Amino acid sequence: MPSPTAYLERIRLLQFQKYATATDVTGDPAAPYFLDARNGFMMDTDQARVPRDLIQNKNENWASINGVKSGGVNFGLEMRGLANGGAASGETAAYDTETQLGTILDVITGANGANSTGGAADPAPGTGTTVATTAGVWTVGTAMLLEGVTSGVLQAREVTVENSPDFTFDRTLLQADSTPENVDPSSVIYASSSWYLDAANANHLHGWFQAEGDTFTRKFRGCMSNMSFELESGGICMANTEWQATNWVASGTGGSLTYAAAPAGDPIIAKDLLFCIGNTRYDLISVSVDLGLEFTPKAALDATNAISGFKCIRMNPTITCKLYYDNSTFLNNLQAEGTLDLNLQCGVTAGRTMMFRMPNADPRDVKHSTTDGIETMDVVFHGTNPTAGNGGLRIHIF
């Protein structure tokens, strides 16, 4: 027989867009954009078959009929910053047109992102946790990427008080040995697109996907997913998702889409990670972040597929770390009762930086361990209800 025709998995396209409201889970939203899924994407397009065990005077096996569908899309995206080198002085961060990840975060976090506008430090920029600016617009809960006057390193800090043109941020800038430093006078201050986990919102917006190969087109409607961040030493930082769909349809036989790259910044490499507990810098051996979103289907017997979207029932964000052992930190911070304020910054370059802040981190599963013959500390930080601001975990893209 002739050689079978082979279709390459890598010749595939994937589009995404969010629905306009939390009740929308059908139809196709406007203006989808292409995603650059790393190492491709996996699809599940299952059609359940319902058996019919009938008794009709003879011992026969009756043909089943189609029941409900289940499906989804799994993929990972590179963690990238804002396009065009970040939002510098006079430029407004715009995650919906400058990232591939931002609109997805609107769906998963349950709260639309907030954009700020970059500016510049005053010639007398202030000291400690304050900065005076000559331009720029930030609101409480957004973040700044500030240059240290001594280290010259760009450091991400969250705005806690806004009294424009003066701002207060969550902790001092720090040199590598945790010595405090001030903002470099007249330096550029980059703006962020920012999100927080809205644990009070059970009704998130849903996502929509269109996947196409050489011979197929599939649409996945009313989708929901958790998100985790993989920060492997020396590798490209990744944002991983596993989407479940309310319904999927076979909508064509391929060949209908023309790829157009969606703007995004450069990928972040896991080599410039700055990790702070309070006002102290720590060296990380390994770290990962999980948004901890739990969701279940909304049963609806009048819906085409017997469900009508998903309800988000819990968020349990975690930052899992392995650090070099320090006895004082182990006893007085990690094993002491109370919460800690974490700042995990991935990257130190505008246009390729993200930051996670967990203001009330509860250290659990704290262990004194050994790794490659050295003393280490393992800890899982859980984001708890903050005493100020929104969300047990905040996410900022620069």
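Residues numbered from 1 in each chain as written. Predicted model: local features only at pLDDT ≥ 70, side-chain atom pairs only at ≥ 80, totals over all residues. Heavy atoms only, no water.

Asker: Would you take a moment to explain the nonpolar core for this structure?
Answerer: Core analysis: the biggest nonpolar cluster contains 82 residues, and Phe-75 and Phe-381 have the highest contact counts within it. A total of five residues in this core trace back to one element, the largest contributor, which is strand 27 (residues 354-371). Those residues within four positions of Phe-75 in sequence are excluded, and the remaining contacts are Leu-14, Leu-35, Ala-37, Gly-40, Phe-41, Ile-104, Phe-209, Ala-239, Asn-240, Thr-241 and Trp-243. Counting nine residues, the second largest nonpolar core, distinct from the first, contains Ala-143, Leu-145, Tyr-190 and Phe-398. (Core = buried A, V, L, I, M, F, W, Y, C linked by side-chain atoms within 4.5 Å. Buried < 20%, exposed > 50% of the residue type's maximum accessible area, 1.4 Å probe, protein only. Helix = DSSP H or I, 4+ residues; strand = E, 2+ residues; numbered from the N terminus. Contact = heavy atoms within 4.5 Å.)

Asker: In this structure, what is going on with the pattern of salt bridges? I would like to understand it.
Answerer: Any two side chains of opposite charge can pair if their charged atoms end up close together. Considering all chains together, one arrives at 16 salt bridges under this definition. Residue Arg-221 is joined to Asp-28 by a salt bridge in which the shortest nitrogen-to-oxygen separation is 3.0 Å. With Arg-221 in strand 16 (residues 217-223) and Asp-28 in the loop between strand 1 (13-18) and strand 2 (33-34), this pair connects stretches of sequence that are 193 residues apart. A salt bridge links Arg-171 to Asp-341; the shortest N-O distance between them is 2.7 Å. Note that Arg-171 is positioned in the loop between strand 10 (166-169) and strand 11 (173-174) and Asp-341 in strand 26 (residues 340-346), a separation of 170 residues in sequence. Taken individually, Arg-171 and Asp-341 each receive the classification buried, so the pair is uniform in this respect. Connected through shared salt-bridge partners, Glu-158, Asp-170, Arg-171, Asp-341, Arg-357 and Arg-394 make up one network. (Salt bridge = Lys/Arg side-chain N within 4 Å of Asp/Glu carboxyl O.)

Asker: Looking at this model, I keep getting lost on helix 2 (residues 102-109). Mind explaining?
Answerer: Given 3.6 residues per helical turn, the α-helix brings residues three or four places apart onto the same face. Taking burial as the measure, the eight residues of helix 2 include eight buried ones, the bulk of the element. All buried positions along helix 2 are accounted for by Gly-102, Thr-103, Ile-104, Leu-105, Asp-106, Val-107, Ile-108 and Thr-109. Gly-110 lies just past helix 2 and shows a positive phi near 85°.

Asker: Sorry if this is basic, but what is going on with the environment of Ile-319 here?
Answerer: Looking at where Ile-319 falls in the secondary structure, it is placed in strand 25 (residues 318-324). On the basis of relative accessible area, Ile-319 is assigned to the buried category, the value being 0%. Considered as a pair, Ile-319 and Gly-391 are 72 residues apart in the sequence and their alpha carbons are 14 Å apart. With near-sequence residues (within four places) excluded, Ile-319 lies in contact with Val-287, Ser-288, Val-289, Leu-342, Leu-344, Met-358, Val-379, Val-380, Phe-381 and Leu-393.

Asker: Explanation requested: unusual backbone geometry in the structure shown.
Answerer: Leave glycine aside and you will find that most residues have negative phi; peptide bonds, for their part, are mostly trans. Look at the link from Ser-164 to Pro-165: it is a cis peptide, with omega at 15°. Locating Pro-165 in the fold gives a position in the loop between strand 9 (154-163) and strand 10. Residue Ala-306 is not a glycine yet carries a positive backbone phi of 70°. Along the chain, Ala-306 turns up in the loop between strand 23 (293-299) and strand 24 (307-315). When its relative accessible area of 26% is taken as the criterion, Ala-306 is described as partly exposed. We note that Asp-365 has phi near 50°; this positive angle belongs to a residue other than glycine.

Asker: Would you take a moment to explain the sheet that holds strand 10 for this structure?
Answerer: Strand pairs in the sheet, formed through backbone hydrogen bonds, run parallel or antiparallel to each other. What the six strands build is an open sheet, ordered 8-9-10-7-6-13; its pairing is antiparallel. The sheet is open, and its two edges are formed by strand 8 (143-147) and strand 13 (188-189), each paired on a single side. In this sheet, strand 7 (residues 130-137) lies alongside strand 6 (residues 117-121) in antiparallel orientation, the contact comprising three bridges. What sits directly across from Thr-117, in strand 7, is Val-137. (Pairing = 2+ DSSP bridges.)

Asker: Quick question: what am I supposed to make of the packing of aromatic side chains here?
Answerer: For any pair of aromatic rings, the description rests on two quantities: the centre-to-centre distance and the angle between the ring planes. For the structure shown, the criterion picks out 12 aromatic pairs. Measuring from centroid to centroid gives 5.1 Å for Phe-209 and Trp-243, while their planes differ by 65°, and the two rings are edge-to-face. With Phe-209 in strand 15 (residues 207-212) and Trp-243 in strand 18 (residues 238-244), this residue pair connects regions lying 34 residues apart in the sequence. Phe-209 gets classed as buried once you look at its relative accessible area, which sits at 0%. Grouping aromatic residues by their ring pairs yields a cluster made of Phe-16, Tyr-33, Phe-75, Phe-209 and Trp-243. A cation over a ring is seen here: Arg-12 above Phe-41, with NZ or CZ 5.3 Å from the ring centre. Over the ring of Trp-248 we find Lys-69, and its NZ or CZ is 4.5 Å from the ring centre. (Phe/Tyr/Trp six-rings, centres within 6.5 Å; stacked < 30°, edge-to-face > 60°. Lys NZ or Arg CZ within 6 Å of the ring centre and 35° of its normal.)

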